[in-house]
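Residue-level listing of the chains:
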Amino acid sequence: MQSSDRIREDVREFTPYAPGLSMEEIKERYGLSRVVKLASNENPLGASPLVKRVLARKADMVFRYPRAGNPALTAALAAFHGVPQACVVAGNGSDEIIDLLVRLTCRPGHDNVVAFSPCFSIYVQQTKLCGVTLRQPALGPDFVFDLPALAAACDENTALVFLTNPDNPSGYAVPAEQVIALARSLPPRALLVVDEAYVDFAEPMEDYSMLARFGQCDNMVILRTFSKLYGLAGLRLGFGVMPEWLADYMLRVRLPFSVNLMAEAAGLAALEDTAFVEASLATVRKGRAALTAKLTDLGCRVYPSQANFLMFRPPLETDAAGVFEALLRRGLIVRGLKSYGLPELLRVSIGNDEENDMFTAALKDIRENGF
Ligand SMILES: *Cc1c(COP(=O)(O)O)cnc(C)c1O
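Thresholds applied
- Residues numbered from 1 in each chain as written.
- Predicted model: local features only at pLDDT ≥ 70, side-chain atom pairs only at ≥ 80, totals over all residues.
- Heavy atoms only, no water.
- Core = buried A, V, L, I, M, F, W, Y, C linked by side-chain atoms within 4.5 Å.
- Buried < 20%, exposed > 50% of the residue type's maximum accessible area, 1.4 Å probe, protein only.
- Helix = DSSP H or I, 4+ residues; strand = E, 2+ residues; numbered from the N terminus.
- Domains from an automatic or database assignment.
- Contact = heavy atoms within 4.5 Å.
- Near = heavy atom within 4 Å.
- Polar contact = N/O pair within 3.5 Å; in protein donor to acceptor, adjacent residues only side chain to side chain.
- Areas by Shrake-Rupley, 256 points an atom, 1.4 Å probe, with all protein chains shown as cover.
- Nonpolar A, V, L, I, M, F, W, Y, C, P; charged D, E, K, R; others polar.
- Buried area = accessible area lost by both parts, 1.4 Å probe.
- Salt bridge = Lys/Arg side-chain N within 4 Å of Asp/Glu carboxyl O.
- Pairing = 2+ DSSP bridges.
- Right-handed = clockwise from strand over helix to strand, strands pointing away.
- Axes fitted to C-alpha atoms, helices over the stretch in contact; angles between N-to-C directions.
- Parallel < 35°, antiparallel > 145°, perpendicular 65-115°, else oblique.
- Left-handed = near helix turned anticlockwise from the far one by under 90°.
- Phe/Tyr/Trp six-rings, centres within 6.5 Å; stacked < 30°, edge-to-face > 60°.
- Lys NZ or Arg CZ within 6 Å of the ring centre and 35° of its normal.

**A few points about the nonpolar core**
One finds Leu160, Leu192, Leu295 and Phe359 to be the most contacted residues of the largest nonpolar core, which totals 121 residues. With seven residues, the single largest contributor to this core is helix 10 (residues 261-272). Among the domains, domain 1 (3-47 + 275-369) and domain 2 (51-273) are the pair contributing at least three residues each to this core. Contact partners of Leu192, with chain neighbours within four places excluded, come to Val161, Leu163, Val179, Leu182, Ala183, Leu186, Asn219, Met220 and Val221.

The following block contains the structure:
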């Protein structure tokens, strides 16, 4: 008997999540002293100073378990967003909420999940792991959402429909009104999961976010994360806002301490630090406009983005992989999109001014002097 015989057959061909490359790896490989990472849509200003102070103070407490279900955090989130606390579930990143949604609602071999192709790889992975069919209608030209196609892919056994708004990796977004119309057009069993990881960066956010409109749809789950705007990617904190009956079941099955003590304290502090959030938003929005103009000048095709990253086709038409490698050699890590089935495109996170300048200078150098 081979060891792999002990693994479920439908899981054997799994490959690990393809993360952005690490800075240490690239420093070593190319003998560089400085590396700029613009690959994982992290906060260009780092973490909030208030959060760092709170974490230092909280270190004494790490021998304690957190409170199961993180009631202090869900209360703060409910107050902050004006939704009932009983509808809020915190998770070890929004990834955990995605995983729990699939496991809670989908009957393996019977139900299906619907999401656009390409989509965030966690939807694909967790659905497969649960033995559930994923139906993937194509995005429209230029990554525009074909919402009628999404609705048409559903049937009476559709448990979940995932919509990332703004989308990753394109940055495309639809106004909230269209999301509500989609929710109302779904079959009775289906829940619409709107992943708003990037919605804070949309302009104006109010036109896009479903959170203020949560009461308007009873078949909707909204996902948010502290990994992007709030700069807490390494601590793992996200949350879902969902109908109370669903939140109730989710808290029954969630591992009780999946959101750790430090993450909870950091989340509470992050909500308080409005100055840091304002500065982060300003940096991203200004940087996004400036970088769009600069990349366009350099002959790139830049897709309009409402998120904290830009997807673009580099000027050296055929060879995004070559541009990617040439950037690495110059100490710049961006995201190749081969794992999304888009080998001709790259994605770059909006950095701070210095990082953005280093990135465009490297691209200019590649364009003028070759790889
Ligand atoms: C980054 C991202 C998230 C956030 O995941 P966490 O687990 O909260 O870090 C969720 N959805 C999408 C589409 C993302 O790109």
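**Quick word on the site of the ligand**
Around the ligand there are 13 residues in total, and Asp195, Tyr198, Thr225, Ser227 and Lys228 lie nearest to it. A distance of 3.0 Å is found between an oxygen atom of the ligand and a side-chain nitrogen or oxygen belonging to Asp95. Within the side chain of Lys228, an N or O atom sits 3.5 Å from an oxygen atom of the ligand. For the ligand, whose accessible area on its own is 390 Å², the fraction buried by protein is 94%. Its residues assigned to classes, the shell around the ligand shows three nonpolar, six polar and four charged.

**Section: the domain arrangement of the chain**
Here the domain parsing of the chain yields domain 1 (3-47 + 275-369) and domain 2 (51-273). With centres defined by C-alpha atoms, the gap from domain 1 to domain 2 works out at 24 Å. Listed per partner, the contact involves 35 residues of domain 1 and 35 residues of domain 2. For the domain 1 face of the interface with domain 2, the top three residues by lost area are Phe14, Gln306 and Tyr340, together amounting to 24%. Viewed at the interface, domain 2 and domain 1 are joined by four salt bridges. Measuring nitrogen to oxygen at the nearest pair gives 3.1 Å for the salt bridge that ties Asp142 to Arg301. Summed over the shared surface of domain 1 and domain 2, the result is 17 residue pairs in polar contact (both at pLDDT 80 or more). Looking at the side of domain 1 that touches domain 2, the elements that each hand over two or more residues are helix 11 (274-297) and strand 10 (309-313). The element best represented in the side of domain 1 that touches domain 2 is helix 11, accounting for eight residues. Each residue belonging to the side of domain 1 that touches domain 2 can be placed in one class, and the counts come to 18 nonpolar, nine polar and eight charged.

**Quick look at the pairing of strand 6 (residues 191-195)**
Across the five residues that make up strand 6, a large majority, five, are buried. Neither face of strand 6 is open: one carries Leu191, Val193 and Asp195, the other Leu192 and Val194, and all of them are buried. Across five bridges, strand 5 (residues 158-164) lies against strand 6 in parallel orientation. Note on strand 6: the bridge partner recorded for Leu163 is Val194. Crossover handedness for the path strand 5 to helix 7 (residues 176-184) to strand 6: right-handed. Both strand 6 and strand 7 (residues 220-225) contribute to a ladder of four bridges, which runs parallel. Note on strand 7: the bridge partner recorded for Asp195 is Leu223.

**Some points on the pattern of salt bridges**
Summed over all chains, the structure comprises 20 salt bridges. Ionic pairing is found between Asp10 and Arg8, a salt bridge with its closest N-O pair at 3.2 Å. Residue classification places Arg8 among the partly exposed positions, given a relative accessible area of 42%. Of the charged contacts in the structure, one is a salt bridge between Glu196 and Arg224, with a shortest N-O distance of 3.0 Å. With a gap of 28 residues between them, Glu196 in the loop between strand 6 and helix 8 (205-208) and Arg224 in strand 7 connect regions that are remote in the sequence. Salt bridges linked by common partners bring Arg107, Asp111 and Arg189 together as one network.

**Description of the packing of helix 3 (residues 71-81) against helix 10**
One can describe the packing of helix 3 onto helix 10 by two numbers: an axis separation of 9 Å at closest approach and a directional angle of 25 degrees. By the angle class used here, helix 3 and helix 10 are roughly parallel. Crossing handedness for the pair helix 3 and helix 10: left-handed. Here helix 3 contributes Pro71, Ala72, Leu73, Ala76, Leu77 and Phe80 to the contact with helix 10, which in turn contributes Glu264, Gly267, Leu268 and Leu271. Among the residues making up the contact of helix 3 with helix 10, the classes are represented as eight nonpolar, one polar and one charged.

**Observations regarding the packing of aromatic side chains**
For the coordinates displayed, the defined rule picks out 10 aromatic pairs. Summarising the aromatic geometry, the rings of Tyr123 and Phe162 are spaced 4.3 Å apart at their centres and angled 10 degrees between planes, so their arrangement reads as stacked. You can see Tyr123 sitting in helix 5 (residues 121-129) and its partner Phe162 sitting in strand 5, a full 39 residues away along the chain. With a centroid separation of 4.9 Å and 80 degrees between ring planes, the pair formed by Phe145 and Tyr172 is classed as edge-to-face. A residue pair is termed long-range when its members are at least 10 positions apart, and Phe145 in the loop between strand 4 (133-135) and helix 6 (147-152) and Tyr172 in the loop between strand 5 and helix 7 qualify at 27 residues. By relative accessible area, Tyr172 is classed as partly exposed at 21%. Through successive ring pairs, a cluster of aromatic residues spans Phe116, Phe145 and Tyr172. Above the ring of Tyr249, the side-chain terminus of Arg252 is found at 4.3 Å from the ring centroid.

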